[in-house]
Amino acid sequence: MPVGLFRVCLLVITAIVNHPLFFPKENGTVPENMEEIIQKMKEREESLRLEQLRLEQEIADQEAAQRALEKAAVVVEESKEEKVRWDMWTALSMVIFLLIELWRQDFQEGNWQDIGGEEDDMAVLGKAFKGVAFPDKAVLASFYEKRILGTTGDMARMREMVEGFADDLLEALRSVCNRDADMEVEDCVGVGSMYENWRVRKPFVCDLIVPFAPPEPYCFRCQTWCSGDSFPPDEQGYGTIKVCRADEDVTSCICDKTKLGEDMLCLLHSQVSSTRPSSEMEDLLCFKNTQYLDADQVMKWFQIAVTKAWNRISHKYEFDLSFSLLDSPGALKIKFKSGKSIAFNLTPVVQYENSDVYFISHFPRSGLAADITSSTHWFLTFAVYERRFIQLVSKTLPANACHVSCLQILSFLHGKQCSLTGPSGLTNYHLKTVLLHLLQARPSQDWAPEKLEARLQDMLKFLEKCLHEKKLYHFFIGNGKVPAELAFPIIFQRAEPLNLFRPFVLRRDIYRKMVDTFHEMLRNMSALINEYTVHIPLAHTNGIRKE
């Protein structure tokens, strides 16, 4: 018992001694540590909360970016689908357009399968020929013999007379010119219908071109639309002529294109030769403040020189000489005391390099160069080569070939129609171009004299096709099949073909007038021919027959 009581007392005493209230200072650190721990726990909780917010913001931004990418991908996909649909419709439209164009060309080729075909059925000539009574061989032969053959002798006599007088006039012109300052005039060259023996309508007019060159030490340097220089589409077929010193290399030296310093000197050109006074260039018939030959200045110079030359030799002749057109450099008229007159054109030209292509500024009685944009732009004429080509082909044709006869008859009909309804855009040069194309396309035996009727139909057929398409290409420009015997410049053979009907594409009034004139000529053809034909039995005038 005492031992048990002692143990109880000892336990109570130990509990009392270990009670925290008995040692407040020793145990005071416990509450302070707890607060620090709590504060740290709060700070950790706050940092965790901020980190959570940051992570939530990043997740939200990533989701927004993902949604934007998905939306952009959808837009791109939709645009691709739209582009594919648009490309599909564009391609489909182009295919339809090409099919229509091919069908149109096939349809035209069905009507114009061969420009030199032998078919005589008028139905293949197009709508314009429906109901047209085409003269037969007997009527055409009688018309040609009565109306055209008789003019050949007159043309020969007139050519001889005009050429003799022109040579005398040019010789006098050289004598009145200053050899050291004026242009040097060469011998004249006959071109056109009078020298190709197909002119039929009076008055007969001889066309003569007169090449000229500048005095020494100058020379002409020619630039054409197909020589690499930039020319607008409406100036195709034109060129410019630059007056330079013979020792001046305009292709390699840039002293005239770049401003040199005052202390710099061009080693190729002296200061005297590089700066030319404006008056000197004007004396060389250049446009003001340029080195380019001016067509108007050339016209004035030539008219004055011809007038002086005539005054020197007028006492030798018993006729008067005058200018019939003041806007043409050499449209001259000889007036005899009897009242008769002879007209001829003496036109100054510039030779292109060493060829027989010439720069010409004025075409009397022709619309070839009617719309010259500037007096420094000169039109190119291939008249000499055209004459040589006809002469060359004629040597391969049968005797008394009908090629010239076809052109004469068509020219006569066109001239008669223009006298009734007024002039149109269609000219004799267009008709000659048609003949040149057919001469190259058809074999030689097709031009036998008995095939006059068929070949005349071919010319009308080809001309109607060109009018319908508004395309008649220049025979030489862009034609790679020009005979090598002509020595034709290769630069023009490689050029793009020149459409002679291009001016009429935008000028619909002139084009409409041209087409109407052609249709009227077809309808009046029989009446115009019968007017100049002796009576032919009716049995021979029963329309078109097979050959």
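Residues numbered from 1 in each chain as written. Predicted model: local features only at pLDDT ≥ 70, side-chain atom pairs only at ≥ 80, totals over all residues. Heavy atoms only, no water.

- An unreviewed UniProt entry annotates the chain as Inositol 1,4,5-trisphosphate receptor-interacting protein of Struthidea cinerea.
- Per UniProt, the comment on the chain under Function (unreviewed entry) is "Enhances Ca(2+)-mediated inhibition of inositol 1,4,5-triphosphate receptor (ITPR) Ca(2+) release."
- The Sequence similarities (unreviewed entry) field of the UniProt record for the chain holds the comment "Belongs to the ITPRIP family." (UniProt positions renumbered as here; feature names shortened; annotations may be inferred.)

**Examining the packing of aromatic side chains**
Any two aromatic rings considered together are summarised by their centre-to-centre distance and by the angle between their planes.
Inference 1: Scanning the entire structure with this criterion turns up 27 aromatic pairs.
Inference 2: The interplanar angle of 50° and the centroid separation of 4.7 Å between the aromatic rings of Phe-389 and Phe-475 together place this pair among those described as tilted. With Phe-389 in helix H9 (residues 383–394) and Phe-475 in the loop between helix H12 (452–469) and helix H13 (490–493), the pair connects residues that are 86 residues apart, well separated along the chain. For the pair shown, Phe-389 and Phe-475 are each scored as buried.
Inference 3: Through successive ring pairs, a cluster of aromatic residues spans Trp-225, Tyr-352, Phe-359, Phe-382, Tyr-385, Phe-389, Phe-475, Phe-476, Phe-488 and Phe-492.
Inference 4: Across the ring face of Tyr-218, the terminal group of Arg-245 is positioned such that the distance to the ring centre comes to 5.7 Å.
Inference 5: The ring of Tyr-511 carries Lys-470 above its face, with NZ or CZ at 4.5 Å from the centroid. (Phe/Tyr/Trp six-rings, centres within 6.5 Å; stacked < 30°, edge-to-face > 60°. Helix = DSSP H or I, 4+ residues; strand = E, 2+ residues; numbered from the N terminus. Buried < 20%, exposed > 50% of the residue type's maximum accessible area, 1.4 Å probe, protein only. Lys NZ or Arg CZ within 6 Å of the ring centre and 35° of its normal.)

**Let's talk about helix H15 (residues 508–531)**
Inference 1: With 24 residues, H15 extends 33 Å from end C-alpha to end C-alpha; this agrees with the ideal 34 Å at 1.5 Å per step.
Inference 2: Taking the largest bend as the criterion, H15 deviates by roughly 55°, centred on Asn-524.
Inference 3: Taken together, the buried positions of H15 are occupied by Tyr-511, Met-514, Val-515, Thr-517, Phe-518, Met-521, Leu-522, Met-525, Leu-528 and Ile-529. (Expected span 1.5 Å × (residues − 1). Bend = angle between axes of the 7 residues up to and from the residue.)

**Some thoughts on the environment of Phe-379**
Inference 1: Looking at the secondary structure, you find Phe-379 in strand S10 (residues 378–381).
Inference 2: For the pair Phe-379 and Thr-224, spaced 155 residues apart in sequence, the C-alpha separation works out to 9.3 Å.

**Observations regarding the side chain of Asn-499**
Inference 1: In this structure, Asn-499 sits in the loop between H13 and helix H14 (503–506).
Inference 2: Within the local environment of Asn-499, its side chain forms a polar contact with the backbone oxygen of Lys-470, the two atoms lying 3.0 Å apart.
Inference 3: Engagement of the side chain of Asn-499 in a polar contact is seen with the backbone nitrogen of Leu-472, the distance being 2.9 Å.
Inference 4: Once you skip the residues sitting within four places of it in the chain, Asn-499 turns out to touch Lys-470, Lys-471, Leu-472 and Tyr-473. (Polar contact = N/O pair within 3.5 Å; in protein donor to acceptor, adjacent residues only side chain to side chain. Contact = heavy atoms within 4.5 Å.)

**Details of unusual backbone geometry**
Inference 1: A cis amide bond, omega 0°, links Lys-202 with the succeeding residue Pro-203.
Inference 2: Omega for the peptide link from Glu-216 to Pro-217 comes to 10°, which places this bond in the cis form.
Inference 3: Along the polypeptide, Pro-217 turns up in the loop between strand S3 (205–213) and strand S4 (218–224).
Inference 4: The residue Asn-289 is not glycine, and still its phi comes out positive at about 60°.

**Considering the packing of helix H3 (residues 137–148) against helix H10 (residues 403–421)**
Inference 1: Between H3 and H10, the least distance of the axes is 11 Å, while the angle of their chain directions is 80°. Classed by the angle they form, the pair H3 and H10 counts as roughly perpendicular. From H3, Leu-140, Phe-143, Tyr-144, Arg-147 and Ile-148 reach across to H10, where they touch Ser-405, Gln-408, Ile-409 and Phe-412. (Axes fitted to C-alpha atoms, helices over the stretch in contact; angles between N-to-C directions. Parallel < 35°, antiparallel > 145°, perpendicular 65-115°, else oblique.)

**Considerations on the nonpolar core**
Inference 1: Membership of the largest hydrophobic core comes to 114 residues, with the highest contact counts inside it found for Leu-169, Leu-293, Phe-344 and Leu-346.
Inference 2: Domain assignment of the residues forming this core places at least three in each of domain 1 (118–149 + 396–535) and domain 2 (151–247 + 283–381).
Inference 3: Those residues in contact with Phe-344 that lie beyond four places of it in its chain are Val-162, Phe-165, Val-205, Cys-206, Leu-208, Leu-321, Gly-330, Ala-331, Leu-332 and Ile-334.
Inference 4: Val-191, Tyr-358, Ala-383 and Val-384 belong to the second-largest nonpolar core, a separate cluster that totals seven residues. (Core = buried A, V, L, I, M, F, W, Y, C linked by side-chain atoms within 4.5 Å. Domains from an automatic or database assignment.)

**Side note on the pairing of strand S8 (residues 341–351)**
Inference 1: S8 sits mainly inside the fold: nine of its 11 residues count as buried.
Inference 2: Of the strand pairs in this sheet, strand S7 (residues 331–336) and S8 are connected by five bridges, and their pairing is antiparallel. Across the sheet, residue Ile-334 finds its bridge partner in S8, namely Ile-342.
Inference 3: A loop of four residues connects S7 with S8, the two strands running antiparallel in sequence, and Gly-339 in this loop sits at a positive phi of about 105°.
Inference 4: Pairing between S8 and strand S9 (residues 358–360): three bridges, direction antiparallel. Each residue of the ladder has a partner; that of Val-350, found in S9, is Phe-359. (Pairing = 2+ DSSP bridges.)

**Observations concerning a nonpolar patch on the surface**
Inference 1: A surface patch of nonpolar side chains, amounting to about 530 Å² of accessible area, comprises Met-88, Trp-89, Leu-92, Ile-96 and Ile-100.
Inference 2: Within the element layout of this structure, Ile-96 appears in helix H2 (residues 29–111). (Patch = residues over 30% accessible without salt bridge, like charges linked within 9 Å, V, L, I, M, F, W, Y side chains within 5 Å. Areas by Shrake-Rupley, 256 points an atom, 1.4 Å probe, with all protein chains shown as cover. Salt bridge = Lys/Arg side-chain N within 4 Å of Asp/Glu carboxyl O.)

**Some details on the confidence of the model for the chain**
Inference 1: Model confidence for the chain is summarised by a mean pLDDT of 80, while 75% of its residues fall at 70 or above.
Inference 2: Scored below 50 in pLDDT, residues 366–370 makes eight contacts in the model with residues more than four places away or belonging to other chains.
Inference 3: Low pLDDT, under 50, characterises residues 535–547; the predicted model gives this stretch 30 contacts beyond four residues in sequence or across chains. (pLDDT = per-residue confidence, 0-100.)

**Some remarks on the packing of H12 against H15**
Inference 1: Where H12 contacts H15, the axes come no closer than 11 Å and their chain directions differ by 155°. In terms of orientation, H12 lies roughly antiparallel with respect to H15. Seen from above, H12 lies across H15 with left-handed handedness. Across the interface between the two elements, Leu-460, Leu-463, Glu-464, Leu-467 and His-468 from H12 touch Tyr-511, Met-514, Phe-518, Met-521, Leu-522 and Met-525 from H15.
Inference 2: Among the residues making up the contact of H12 with H15, the classes are represented as nine nonpolar, one polar and one charged. (Left-handed = near helix turned anticlockwise from the far one by under 90°. Nonpolar A, V, L, I, M, F, W, Y, C, P; charged D, E, K, R; others polar.)

**Observations concerning the pairing of S10**
Inference 1: By the alternation rule, side chains of S10 split into Trp-378 and Leu-380 and Phe-379 and Thr-381, which are all buried.
Inference 2: Note that S9 and S10 share three bridges and pair antiparallel. Among the inter-strand pairings, Phe-359 is bridged to a residue of S10, identified as Leu-380.

**Remarks on the pattern of salt bridges**
Inference 1: Evaluated as defined, the whole model comprises 18 salt bridges.
Inference 2: A salt bridge links Glu-58 to Arg-54; its shortest N-O distance comes to 2.4 Å. Here Glu-58 and its partner Arg-54 are both found in helix H2, four residues apart, which amounts to about one turn of the helix.
Inference 3: Residue classification places Arg-54 among the partly exposed positions, given a relative accessible area of 38%.
Inference 4: When the shortest N-O distance is used, the salt bridge between Arg-174 and Glu-171 registers 3.0 Å. With Arg-174 and Glu-171 both in helix H4 (residues 151–176), this residue pair falls three residues apart, about one helical turn.
Inference 5: One continuous salt-bridge network, built from bridges that share partners, spans Arg-442, Asp-446, Lys-451, Arg-455, Asp-458 and Lys-461.

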